[in-house]
Amino acid sequence: MIVIAHLSDIHLDGAPRAAERTRAVMEYLDALPYDLDAVLVSGDIADHAAPAEYEEAAKLLRSRHPLVVCPGNHDERVAFRQGLLEEGAGASAAPVDQVLRGDGFVLAVCDSSVPGEHHGLLEESTLAWLDGVLTDTPRETPVLVAFHHPPVPLHTPYVDGIRQFDEERLAALAERHPHLTAFLCGHAHTAAATTFAGRPLLVAPGVVSTLRLPWEIRTGPDHHVHLDEPPAVAFHVLGEDGRLTTHYRVVVARR
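No experiment lies behind these values; they were computed from the predicted model shown.

Novice: Teacher, can you tell me more about the overall build of the protein here?
Specialist: Helices and strands together make up the secondary structure of the protein, namely six helices and 13 strands. Over its C-alpha trace the protein gives a radius of gyration of 17 Å, about what one expects of a compact globule, namely 18 Å for 255 residues. Viewed in the frame of its principal axes, the protein has a C-alpha envelope of about 45 × 45 × 40 Å. With 255 residues in all, the protein has 53% of them scored as buried. When the accessible area of the protein is evaluated, it comes to approximately 11,200 Å², of which 54% is carbon and sulfur surface.

Structure follows, in structure tokens:
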């Protein structure tokens, strides 16, 4: 079977809380008695896109398992490339699109960030790149497509207003490629599962915080996140029969 660990929204800000929660998750994954096929970190790596935050991320986001990281709406492409992809002073401001080709699967990681904005959108160059990855991958090989922003409403008003838009273009692309198996994303700071374009859409829980759902108790209109809930991670499992199963696990952080 193929096992992919998926975490999201670590929001490193130079303070100890986010760093310790991220460290707890990464240490948990490294201590597993199983070699994971991939670890996906689906965006909002830095909280303010500061170079020091990416320096911290480069130290924390290390793993004995294959690792791929994409930007979110709190990230900035050039700083992300310089701090995490080691591209140096000439780093491009183009979308950060990456592919991880594993044993029996492909993980295509798209940049859904929009510079200077909080909502998401896949640029035409990203859609063309993804179409090429899918075209070049044999139809018997499952392809999982990841990005930061969910392309459908999740019934969480705070997130739904800044989700990924113009999603019909991605849905049309998926129609042409039946081996596109699932979509993986973050941004919502809560574990969720739904569908998009006839495929599973699986949302990673937040590491730095957990979003309060509209029907949960709040003490005020701005009380929209749990800060005392533990960080968590998703495990996406592709079985030999091609069926995808997702498990969610909380991780005890030091503080």
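Novice: Help me out: how do you make sense of the packing of helix H2 (residues 51-60) against helix H3 (residues 77-84) in this one?
Specialist: Each pair of packed helices can be described by the angle between their axes along with the distance between the axes. Two numbers describe how H2 lies on H3: the axes approach to 9 Å, and their chain directions differ by 40 degrees. Taken together, the axes of H2 and H3 are oblique relative to one another. In terms of crossing hand, the pair formed by H2 and H3 is right-handed. Here Tyr54, Ala57 and Ala58 of H2 come into contact with H3, specifically with Ala79, Phe80, Gly83 and Leu84. For the contact of H2 with H3, a count of residues per class yields six nonpolar, one polar and no charged.

Novice: I keep staring at the pattern of salt bridges and nothing clicks. Help me out?
Specialist: Pairing is possible between side chains that carry opposite charge, provided their charged atoms lie close to one another. Within the structure shown, the criterion is met by eight salt bridges. Between Arg77 and Glu123 there is a salt bridge, with the nearest N and O atoms lying 3.2 Å from each other. With a gap of 46 residues between them, Arg77 in helix H3 and Glu123 in the loop between strand E5 (105-109) and helix H4 (124-136) connect regions that are remote in the sequence. We note a salt bridge from Arg169 to Glu124, for which the minimum N-O separation is 2.7 Å. Of the two residues, Arg169 sits in helix H6 (residues 168-175) while Glu124 sits in helix H4, which places them 45 residues apart along the sequence. Members of the salt-bridge network, linked through shared partners, are Arg77, Asp111 and Glu123.

Novice: What should I look at first to understand the environment of Thr194 in this one?
Specialist: In this structure, Thr194 sits in strand E8 (residues 192-196). For Thr194, a relative accessible area of 32% puts it in the partly exposed group. Residues Thr194 and Glu168, 26 residues apart in the sequence, show an inter-C-alpha distance of 16 Å. Setting aside residues no more than four positions away along its own chain, Thr194 makes contact with Val152, Leu154, Arg199, Pro200 and Leu201.

Novice: What should I look at first to understand the pairing of E8 in this one?
Specialist: As a general feature of sheets, a regular strand has side chains that alternate between the two faces. Looking at chain direction, E8 and strand E9 (residues 199-203) are connected through five bridges and run antiparallel. Its bridge partner lying in E9, Ala192 is registered against Val203. In textbook terms, the turn of a hairpin is the stretch between consecutive antiparallel strands, and for E8 and E9 this stretch comprises two residues, one of which, Ala197, has a positive phi near 55 degrees.

Novice: Help me understand the nonpolar core in this model?
Specialist: Leu7, Leu29, Leu36, Ile45, Leu61, Val233 and Phe235 are the most contacted members of the largest nonpolar core, which has 32 residues in total. Counting only elements with at least two residues in this core, the list comes to strand E1 (2-7), helix H1 (16-30), strand E2 (38-42), H2, H3 and strand E12 (232-238). In terms of residue count, the dominant contributor to this core is H1 (six residues). Beyond its immediate sequence surroundings of up to four residues, Leu7 is in contact with Val25, Met26, Leu29, Val39, Leu40, Val41, Ser42, Ala204, Val207 and Val233. Counting residues in each nonpolar core, the second largest holds 26 residues, with Leu127, Phe183, Cys185 and Val203 among its members.

Novice: Honestly, H4 in this entry has me stumped. Any pointers?
Specialist: Think of an α-helix as turning once every 3.6 residues; residues three or four places apart then point the same way. Taking 1.5 Å per residue, 13 residues should reach 18 Å; H4 reaches 18 Å between its end C-alpha atoms and fits that length. Three or more residues of H4 are buried, namely Thr126, Leu127, Leu130, Val133 and Leu134. In an axial view of H4, the angular spread of the buried residues amounts to 120 degrees, which keeps them on one side of the axis. Across from the buried face of H4, at angles greater than 90 degrees, the exposed residues are Glu124, Ala128, Thr135 and Asp136.

Novice: I keep staring at the pairing of E9 and nothing clicks. Help me out?
Specialist: Counted residue by residue, E9 has four buried out of five residues, so it is predominantly covered. Here three bridges tie strand E7 (residues 180-185) to E9, and the two strands are oriented parallel to one another. Within the sheet, the bridge partner assigned to Phe183 lies in E9 and is Leu201.

Novice: Whenever I open this one, the packing of aromatic side chains confuses me. Can you help?
Specialist: In this description, a pair of aromatic rings is defined by centroid distance and the angle of the planes. Applying the stated criterion across every chain yields a total of four aromatic pairs. Through a chain of ring-to-ring contacts, the aromatic side chains of Phe147, Phe183 and Phe196 assemble into a single cluster.

The rules behind each value
Residues numbered from 1 in each chain as written. Predicted model: local features only at pLDDT ≥ 70, side-chain atom pairs only at ≥ 80, totals over all residues. Heavy atoms only, no water. Helix = DSSP H or I, 4+ residues; strand = E, 2+ residues; numbered from the N terminus. Rg over C-alpha atoms; globule rule 2.2 N^0.38 Å. Buried < 20%, exposed > 50% of the residue type's maximum accessible area, 1.4 Å probe, protein only. Areas by Shrake-Rupley, 256 points an atom, 1.4 Å probe, with all protein chains shown as cover. Axes fitted to C-alpha atoms, helices over the stretch in contact; angles between N-to-C directions. Parallel < 35°, antiparallel > 145°, perpendicular 65-115°, else oblique. Left-handed = near helix turned anticlockwise from the far one by under 90°. Contact = heavy atoms within 4.5 Å. Nonpolar A, V, L, I, M, F, W, Y, C, P; charged D, E, K, R; others polar. Salt bridge = Lys/Arg side-chain N within 4 Å of Asp/Glu carboxyl O. Pairing = 2+ DSSP bridges. Core = buried A, V, L, I, M, F, W, Y, C linked by side-chain atoms within 4.5 Å. Expected span 1.5 Å × (residues − 1). Arc of directions from axis to C-beta. Phe/Tyr/Trp six-rings, centres within 6.5 Å; stacked < 30°, edge-to-face > 60°.

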